[in-house]
Amino acid sequence: MATCIDTSRTDTAPANPLSRDPNGSQPGDINHFNFTKFCRSTFPDQVSCLPICQNRSKSTETRRVVDFIEDEDEVDLWLQMQDEARSDIDQEPILSNFYASSILAHKSLEGALANHLSVKLSNSSLPCATLYDIFMGVLADDHEILRAVKDDLRAVKERDPACISYVHCFLSFKGFLACQAHRAAHKLWSQGRKVLALLIQNRVSEVFAVDIHPGAKIGRGLLLDHATGVVVGETAVIGNNVSILHNVTLGGTGKACGDRHPKIGDGVLIGAGTCILGNIRIGDGAKIGAGSVVLKDVPARTTAVGNPARLIGGKQNPIKLDKLPSLTMDHTSHINEWSDYVI
């Protein structure tokens, strides 16, 4: 598959701090629950219904300034990823070809992502070039998806201490890659191209062990930490700035059709091994403890743990959280308030 080199971006931009510490104090944060930047009132579909291109042209990766003017920090993110790739090559020259073909040979983030996903998901009967055309068509035509991709990159870098750089996440974190493949599959699903969308879902499940139905709606700033064993049903909705650990199921309760899967609010943290079943709502800023089985609505800013899950502090007067758990990634602070368990 041919790649393009963006000769117009030869100068390196000054590095800007793109991440902020979600656990540290922020301007205006005085121990209160701030949903202004991280929450929304509804769960709109994250994709549009523009037709994807049938044949890739030479200008596929060319940005159209009239159609899309990036914010300065969005430009800097791609430039920083290129700088990180060059730094990694300096440290490990043996990886120079890998970084060149995956990052440095591409003029844009969307081009590199389309290429990387197609390489990961292709097989003998599903050629890399075919997948590249599909992914590039979606990413080039839908700028909201591209903005969501960038928010997901920042989410992983800010919340996962194991992530050492943006390019590390982009190339190696299967939760991030599975999420971006789903965004493309969801757009195809919304266009009525269900067979192709389901095929991409199947390949993502086989390659990344993440099974997200293409009908599911996912917000921006999503972290799928480790990601292995994550299952998300067709009518599930996941809000903005949500963090989900491995082996989490957002499933139904039987074989009934219709709207049958959970609705996850903004800023929610879902611990490893959790099952959330049925058309229930997890409120904005809620925390679900690891290994819980949730069968009923969980109010906003509360913590639910156990099987079946119960609210910390009780149903009548649950303890309210004062920080977004998806940003703090705090899985254990609630234990001191209700348990004397020790190892």
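Residues numbered from 1 in each chain as written. Predicted model: local features only at pLDDT ≥ 70, side-chain atom pairs only at ≥ 80, totals over all residues. Heavy atoms only, no water.

- As annotated in an unreviewed UniProt entry, the chain is serine O-acetyltransferase from Rhamnella rubrinervis.
- A UniProt comment under Pathway (unreviewed entry) is attached to the chain, and it reads "Amino-acid biosynthesis; L-cysteine biosynthesis; L-cysteine from L-serine: step 1/2."
- The heading Sequence similarities (unreviewed entry) in the UniProt record of the chain holds the text "Belongs to the transferase hexapeptide repeat family." (UniProt positions renumbered as here; feature names shortened; annotations may be inferred.)

**Here we look at empty space enclosed by the protein**
- In this structure the tally under the stated criterion is four cavities of 30 Å³ or more.
- Considering only enclosed or pocket space, the largest cavity measures out at about 60 Å³ in volume.
- Contributing to the lining of the largest cavity are Ala-178, Ala-181, His-182, Ala-185, Ile-200, Gln-201, Val-204, Val-210 and Ile-212.
- For the lining of the largest cavity, the secondary structure elements donating two or more residues are α7 (174-190) and α8 (194-208).
- It is α7 that contributes the most residues to the lining of the largest cavity, four residues altogether.
- When grouped by side-chain class, the residues that make up the lining of the largest cavity number seven nonpolar, two polar and no charged. (1 Å grid on protein atoms, 1.4 Å probe; cavity = no way out; pocket = protein on both sides within 12 Å on 5 of 7 lines; lining within 4 Å. Points joined across faces, edges and corners; volume = space filled by probe spheres on them. Helix = DSSP H or I, 4+ residues; strand = E, 2+ residues; numbered from the N terminus. Nonpolar A, V, L, I, M, F, W, Y, C, P; charged D, E, K, R; others polar.)

**Considerations on the packing of helix α3 (residues 109-121) against helix α5 (residues 143-159)**
- Axis separation between α3 and α5 bottoms out at 11 Å; the angle between their running directions is 80 degrees. Our classification of the angle between α3 and α5 gives roughly perpendicular. Residues Leu-109, Glu-110 and Leu-113 of α3 form the contact with α5, whose own contacting residues are Leu-146, Val-149, Lys-150 and Leu-153.
- Its residues placed into classes, the contact of α3 with α5 shows five nonpolar, no polar and two charged. (Axes fitted to C-alpha atoms, helices over the stretch in contact; angles between N-to-C directions. Parallel < 35°, antiparallel > 145°, perpendicular 65-115°, else oblique. Contact = heavy atoms within 4.5 Å.)

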